[in-house]
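Geometric and topological summary
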Amino acid sequence: HCDPTASHYLKIVLDTIFGLQNFRNEIIWLRTAPKGHSFTRYPATHDVLLFYAKGPSPSWHTPYVGHREEYVDSHYSHIEPETGRRYTLDNLQNPNKDRPNLTYEFPPGSGLVRVWRWTKERMMAAWHEGRVVVPKGGGVPRYKRYLDEMQGTPVTTVWTDIPPINSQAAERLGYPTQKPVALLERIIAASSNPGDLVLDPFCGCGTAIHAAEKL
(Lines give C-alpha, C1' and ligand atoms only; values in the text may rest on other atoms or scores of the structure.)
Protein backbone atom coordinates (compact mmCIF):
# COMPACT_ATOMS: atom_id res chain seq x y z
CA HIS A 1 0.00 0.00 0.00
CA CYS A 2 1.37 3.42 -0.93
CA ASP A 3 0.50 6.80 -2.31
CA PRO A 4 0.87 7.76 -6.01
CA THR A 5 4.30 9.38 -5.45
CA ALA A 6 5.88 5.96 -4.83
CA SER A 7 3.55 3.35 -6.36
CA HIS A 8 5.28 3.14 -9.75
CA TYR A 9 8.72 2.73 -8.14
CA LEU A 10 7.46 0.08 -5.74
CA LYS A 11 5.80 -1.87 -8.55
CA ILE A 12 9.18 -2.31 -10.25
CA VAL A 13 10.65 -3.63 -6.98
CA LEU A 14 7.71 -5.97 -6.42
CA ASP A 15 7.85 -7.24 -10.02
CA THR A 16 11.49 -8.14 -9.41
CA ILE A 17 10.81 -9.91 -6.11
CA PHE A 18 7.52 -11.67 -6.83
CA GLY A 19 7.61 -11.89 -10.63
CA LEU A 20 5.73 -9.78 -13.16
CA GLN A 21 3.48 -12.77 -13.95
CA ASN A 22 2.21 -12.76 -10.35
CA PHE A 23 0.94 -9.18 -10.48
CA ARG A 24 -2.87 -9.21 -10.27
CA ASN A 25 -4.21 -5.68 -9.84
CA GLU A 26 -3.49 -2.06 -9.09
CA ILE A 27 -6.32 -1.02 -6.79
CA ILE A 28 -7.35 2.59 -6.23
CA TRP A 29 -8.69 3.37 -2.75
CA LEU A 30 -10.52 6.68 -2.40
CA ARG A 31 -9.15 7.63 1.01
CA THR A 32 -10.33 11.22 1.34
CA ALA A 33 -12.80 13.72 -0.05
CA PRO A 34 -11.38 16.33 -2.43
CA LYS A 35 -10.18 19.52 -0.78
CA GLY A 36 -9.97 22.91 -2.45
CA HIS A 37 -6.28 23.45 -1.63
CA SER A 38 -4.80 22.58 -5.02
CA PHE A 39 -4.69 25.40 -7.54
CA THR A 40 -2.15 24.04 -10.06
CA ARG A 41 -3.19 20.35 -10.17
CA TYR A 42 -6.06 17.97 -9.42
CA PRO A 43 -6.67 17.34 -5.71
CA ALA A 44 -5.05 14.09 -4.52
CA THR A 45 -7.72 11.81 -3.04
CA HIS A 46 -6.52 8.21 -3.46
CA ASP A 47 -3.94 5.68 -2.39
CA VAL A 48 -2.74 2.64 -4.33
CA LEU A 49 -2.83 -1.04 -3.41
CA LEU A 50 -0.53 -3.36 -5.38
CA PHE A 51 -1.90 -6.89 -5.44
CA TYR A 52 0.35 -9.89 -6.12
CA ALA A 53 -0.48 -13.58 -5.73
CA LYS A 54 1.60 -16.75 -5.95
CA GLY A 55 1.03 -19.13 -8.82
CA PRO A 56 -1.89 -19.51 -11.24
CA SER A 57 -4.47 -20.60 -8.63
CA PRO A 58 -4.04 -18.60 -5.42
CA SER A 59 -6.63 -18.44 -2.65
CA TRP A 60 -9.34 -16.06 -3.81
CA HIS A 61 -12.84 -15.22 -2.57
CA THR A 62 -14.54 -12.52 -4.66
CA PRO A 63 -15.83 -9.71 -2.40
CA TYR A 64 -19.24 -8.21 -3.11
CA VAL A 65 -21.05 -5.03 -2.15
CA GLY A 66 -24.78 -4.37 -2.15
CA HIS A 67 -26.38 -3.32 -5.41
CA ARG A 68 -26.93 0.41 -5.91
CA GLU A 69 -30.54 1.52 -5.56
CA GLU A 70 -30.70 2.75 -9.16
CA TYR A 71 -29.35 -0.62 -10.36
CA VAL A 72 -32.03 -2.49 -8.41
CA ASP A 73 -34.77 -0.22 -9.79
CA SER A 74 -33.62 -0.65 -13.39
CA HIS A 75 -32.60 -4.33 -13.41
CA TYR A 76 -34.98 -5.87 -10.84
CA SER A 77 -38.13 -3.92 -11.64
CA HIS A 78 -40.51 -6.90 -11.34
CA ILE A 79 -42.08 -7.57 -7.93
CA GLU A 80 -43.76 -10.87 -7.16
CA PRO A 81 -47.23 -10.05 -5.73
CA GLU A 82 -47.42 -13.12 -3.50
CA THR A 83 -44.05 -12.63 -1.76
CA GLY A 84 -42.96 -9.06 -2.52
CA ARG A 85 -39.65 -10.41 -3.84
CA ARG A 86 -37.92 -8.45 -6.59
CA TYR A 87 -36.78 -10.34 -9.68
CA THR A 88 -35.50 -9.95 -13.21
CA LEU A 89 -36.21 -12.08 -16.28
CA ASP A 90 -32.97 -13.54 -17.59
CA ASN A 91 -32.11 -14.96 -21.00
CA LEU A 92 -32.30 -18.76 -21.24
CA GLN A 93 -30.84 -19.07 -24.73
CA ASN A 94 -27.27 -20.18 -25.31
CA PRO A 95 -25.03 -17.70 -27.17
CA ASN A 96 -23.26 -20.67 -28.81
CA LYS A 97 -25.59 -21.89 -31.55
CA ASP A 98 -23.53 -25.01 -32.28
CA ARG A 99 -24.56 -27.09 -29.27
CA PRO A 100 -26.57 -30.12 -30.47
CA ASN A 101 -26.78 -31.55 -26.94
CA LEU A 102 -28.54 -28.36 -25.78
CA THR A 103 -30.88 -28.11 -28.77
CA TYR A 104 -34.39 -29.33 -27.93
CA GLU A 105 -38.05 -28.33 -27.70
CA PHE A 106 -39.01 -26.28 -24.66
CA PRO A 107 -41.52 -25.97 -23.06
CA PRO A 108 -42.67 -29.50 -23.92
CA GLY A 109 -45.34 -29.47 -26.63
CA SER A 110 -44.75 -25.82 -27.54
CA GLY A 111 -42.93 -26.55 -30.79
CA LEU A 112 -40.28 -24.00 -29.76
CA VAL A 113 -36.82 -25.40 -30.51
CA ARG A 114 -33.80 -23.37 -29.46
CA VAL A 115 -30.23 -23.85 -28.26
CA TRP A 116 -30.79 -23.49 -24.52
CA ARG A 117 -28.39 -22.50 -21.77
CA TRP A 118 -28.92 -25.65 -19.70
CA THR A 119 -29.57 -29.34 -20.22
CA LYS A 120 -33.17 -30.43 -20.68
CA GLU A 121 -33.21 -32.00 -17.21
CA ARG A 122 -32.14 -28.77 -15.56
CA MET A 123 -34.57 -26.71 -17.64
CA MET A 124 -37.44 -29.01 -16.65
CA ALA A 125 -36.44 -28.73 -12.98
CA ALA A 126 -36.58 -24.92 -13.24
CA TRP A 127 -39.93 -25.21 -15.04
CA HIS A 128 -41.45 -27.31 -12.25
CA GLU A 129 -40.07 -24.88 -9.64
CA GLY A 130 -41.95 -22.04 -11.32
CA ARG A 131 -38.74 -20.27 -12.26
CA VAL A 132 -39.43 -20.19 -16.02
CA VAL A 133 -41.75 -17.44 -17.28
CA VAL A 134 -43.39 -17.52 -20.70
CA PRO A 135 -44.25 -13.98 -21.87
CA LYS A 136 -47.92 -13.16 -22.23
CA GLY A 137 -49.05 -13.99 -25.75
CA GLY A 138 -46.22 -16.50 -26.17
CA GLY A 139 -42.58 -16.09 -27.02
CA VAL A 140 -39.23 -17.33 -25.74
CA PRO A 141 -39.29 -18.36 -22.06
CA ARG A 142 -37.11 -16.47 -19.59
CA TYR A 143 -35.68 -17.35 -16.19
CA LYS A 144 -36.95 -15.67 -13.02
CA ARG A 145 -33.87 -14.57 -11.06
CA TYR A 146 -34.56 -13.17 -7.58
CA LEU A 147 -32.63 -10.20 -6.20
CA ASP A 148 -32.31 -11.74 -2.73
CA GLU A 149 -30.47 -14.73 -4.22
CA MET A 150 -27.75 -12.56 -5.71
CA GLN A 151 -24.52 -11.92 -3.78
CA GLY A 152 -24.36 -8.31 -4.89
CA THR A 153 -22.03 -6.39 -7.19
CA PRO A 154 -18.44 -7.71 -7.41
CA VAL A 155 -15.89 -5.28 -6.01
CA THR A 156 -13.75 -3.78 -8.79
CA THR A 157 -10.30 -2.18 -8.73
CA VAL A 158 -11.73 1.18 -7.63
CA TRP A 159 -12.78 1.20 -3.94
CA THR A 160 -14.96 4.13 -2.98
CA ASP A 161 -17.07 2.45 -0.27
CA ILE A 162 -14.54 2.32 2.61
CA PRO A 163 -14.15 5.74 4.23
CA PRO A 164 -10.90 6.84 5.87
CA ILE A 165 -10.54 7.13 9.64
CA ASN A 166 -11.75 10.58 10.66
CA SER A 167 -10.81 12.49 13.79
CA GLN A 168 -13.89 11.22 15.67
CA ALA A 169 -13.63 7.54 14.68
CA ALA A 170 -13.76 5.05 17.56
CA GLU A 171 -10.90 3.01 16.05
CA ARG A 172 -8.59 6.00 15.72
CA LEU A 173 -5.28 5.51 17.58
CA GLY A 174 -3.42 8.59 16.37
CA TYR A 175 -1.04 6.69 14.06
CA PRO A 176 -0.49 9.05 11.10
CA THR A 177 -1.19 6.55 8.31
CA GLN A 178 -3.59 4.24 10.16
CA LYS A 179 -5.88 2.26 7.84
CA PRO A 180 -9.52 1.40 8.52
CA VAL A 181 -10.16 -2.12 9.80
CA ALA A 182 -12.70 -2.56 6.97
CA LEU A 183 -9.94 -2.05 4.38
CA LEU A 184 -7.74 -4.79 5.86
CA GLU A 185 -10.72 -7.09 6.41
CA ARG A 186 -11.58 -6.93 2.71
CA ILE A 187 -8.00 -7.66 1.65
CA ILE A 188 -7.51 -10.55 4.09
CA ALA A 189 -10.94 -12.12 3.55
CA ALA A 190 -10.56 -12.01 -0.25
CA SER A 191 -7.09 -13.52 -0.44
CA SER A 192 -6.78 -16.00 2.44
CA ASN A 193 -8.66 -18.80 4.18
CA PRO A 194 -9.65 -19.38 7.82
CA GLY A 195 -6.65 -20.73 9.69
CA ASP A 196 -4.06 -19.17 7.37
CA LEU A 197 -1.14 -17.16 8.71
CA VAL A 198 -1.20 -13.45 7.85
CA LEU A 199 2.10 -11.59 7.77
CA ASP A 200 2.24 -7.85 8.41
CA PRO A 201 5.91 -7.00 7.80
CA PHE A 202 5.50 -3.25 8.30
CA CYS A 203 4.15 -3.32 11.88
CA GLY A 204 2.24 -0.05 11.84
CA CYS A 205 -0.51 0.25 14.44
CA GLY A 206 -1.67 -3.38 14.25
CA THR A 207 -4.72 -3.00 12.00
CA ALA A 208 -3.82 -6.07 9.93
CA ILE A 209 -3.38 -8.17 13.08
CA HIS A 210 -6.71 -6.96 14.47
CA ALA A 211 -8.55 -7.58 11.20
CA ALA A 212 -7.06 -11.07 10.82
CA GLU A 213 -8.03 -11.99 14.38
CA LYS A 214 -11.57 -10.65 13.87
CA LEU A 215 -11.93 -12.89 10.80
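In what follows, the structure referred to is the one given above.
Just so we're clear, the structure is a prediction, and the values are computed from it rather than from any experiment.

**Remarks on the packing of aromatic side chains**
Summed over all chains, the structure comprises 9 aromatic pairs. Seen in terms of ring centroids, F106 and W116 are 5.7 Å apart; in terms of plane orientation they differ by 75°. Their pairing is edge-to-face. You can see F106 sitting in the loop between strand 6 (103–105) and strand 7 (113–115) and its partner W116 sitting in the loop between strand 7 and helix 3 (120–128), a full 10 residues away along the chain. The cationic tip of K11 hangs over the ring face of F23; the distance from NZ or CZ to the ring centre is 4.2 Å. The side chain of R122 reaches across the aromatic face of W118, ending 4.1 Å from its centre.

**Structural notes on the sheet that holds strand 5 (residues 86–91)**
Strand order across the open sheet formed by 4 strands is 4-5-9-8, with antiparallel pairing between neighbours. For this open sheet the edge positions go to strand 4 (78–79) and strand 8 (132–133), each flanked by a neighbour on one side alone. For strand 4 and strand 5, the ladder comprises 2 bridges, and the chain directions are antiparallel. Bridge pairing in strand 5 links I79 to R86.

**A few points about the layout of surface pockets**
In this structure, the largest pocket occupies an estimated 1,800 Å³ of space. H1, L50, I187, L199 and F202 are, among the 48 residues lining the largest pocket, the residues nearest its centre. Every element with two or more residues in the lining of the largest pocket is listed here: helix 1 (7–18), strand 1 (23–30), strand 2 (46–52), helix 4 (181–191) and helix 5 (207–214). No other element matches helix 4, which puts 7 residues into the lining of the largest pocket. By volume, the second largest pocket is sized at about 340 Å³. For the lining of the second largest pocket, the residue count by class is 7 nonpolar, 5 polar and 6 charged.

**Points about the pairing of strand 5**
Hairpin remark: strand 4 followed by strand 5, antiparallel, with 6 residues in the connecting loop; positive phi at G84, about 80°. Pairing geometry for strand 5 and strand 9 (residues 142–146), over 5 bridges, is antiparallel. Bridge pairing in strand 9 links Y87 to Y146.

**Structural notes on the environment of I162**
Inspection of the secondary structure assignment puts I162 in the loop between strand 11 (158–159) and helix 4. Given the relative accessible area of 5%, I162 is considered buried. Between the C-alpha atoms of I162 and V181, which are 19 residues apart in sequence, the distance is 9.5 Å. Leaving out residues up to four positions away in the same chain, I162 has contacts with W29, L30, P180, A182, L183 and R186.

**Thoughts on the side chain of D47**
Relative to the helices and strands, D47 resides in strand 2. Polar contacts involving the side chain of D47 include one to the side chain of R31, which spans 2.6 Å. Beyond its immediate chain neighbours, meaning those up to four positions away, D47 contacts H1, C2, D3, P4, I27, I28, W29 and R31.

**Here's the deal with the packing of helix 4 against helix 5**
Direction vectors running N to C along helix 4 and helix 5 enclose 60°, while the axes themselves pass 9 Å from each other. Taken as axis vectors, helix 4 and helix 5 run oblique relative to one another. Once helix 4 is placed against helix 5, the crossing between them reads as right-handed. Residues V181, L184, E185 and I188 of helix 4 pack against T207, A208, H210, A211, A212 and K214 of helix 5.

**Thoughts on the nonpolar core**
The nonpolar side chains of a soluble globular protein tend to be buried with one another. Residues I27, W29, L49, W159, L183, L184 and A211 are the most contacted members of the largest nonpolar core, which totals 14 residues. Listed by contribution, the elements that provide at least two residues to this core are strand 1, strand 2, helix 4 and helix 5. Ignoring anything within four residues of it in the chain, the contact list for L49 reads H1, N25, E26, I27, W159, L183 and I187. L92, Y104, F106 and W118 belong to the second largest nonpolar core, which has 11 residues in total.

**Quick word on the sheet that holds strand 1**
What holds strands together in a sheet is hydrogen bonding between their backbones, with the strands either parallel or antiparallel. With respect to topology, 3 strands assemble into an open sheet ordered 2-1-11, the strand pairing being mixed. The outermost strands of the open sheet, each flanked by one partner alone, are strand 2 and strand 11. Sheet topology places strand 1 next to strand 11; 2 bridges connect them, and they run parallel. In the strand pairing of strand 11, W29 is matched with W159.

What counts as what
Residues numbered from 1 in each chain as written. Predicted model: local features only at pLDDT ≥ 70, side-chain atom pairs only at ≥ 80, totals over all residues. Heavy atoms only, no water. Phe/Tyr/Trp six-rings, centres within 6.5 Å; stacked < 30°, edge-to-face > 60°. Helix = DSSP H or I, 4+ residues; strand = E, 2+ residues; numbered from the N terminus. Lys NZ or Arg CZ within 6 Å of the ring centre and 35° of its normal. Pairing = 2+ DSSP bridges. 1 Å grid on protein atoms, 1.4 Å probe; cavity = no way out; pocket = protein on both sides within 12 Å on 5 of 7 lines; lining within 4 Å. Points joined across faces, edges and corners; volume = space filled by probe spheres on them. Nonpolar A, V, L, I, M, F, W, Y, C, P; charged D, E, K, R; others polar. Buried < 20%, exposed > 50% of the residue type's maximum accessible area, 1.4 Å probe, protein only. Contact = heavy atoms within 4.5 Å. Polar contact = N/O pair within 3.5 Å; in protein donor to acceptor, adjacent residues only side chain to side chain. Axes fitted to C-alpha atoms, helices over the stretch in contact; angles between N-to-C directions. Parallel < 35°, antiparallel > 145°, perpendicular 65-115°, else oblique. Left-handed = near helix turned anticlockwise from the far one by under 90°. Core = buried A, V, L, I, M, F, W, Y, C linked by side-chain atoms within 4.5 Å.

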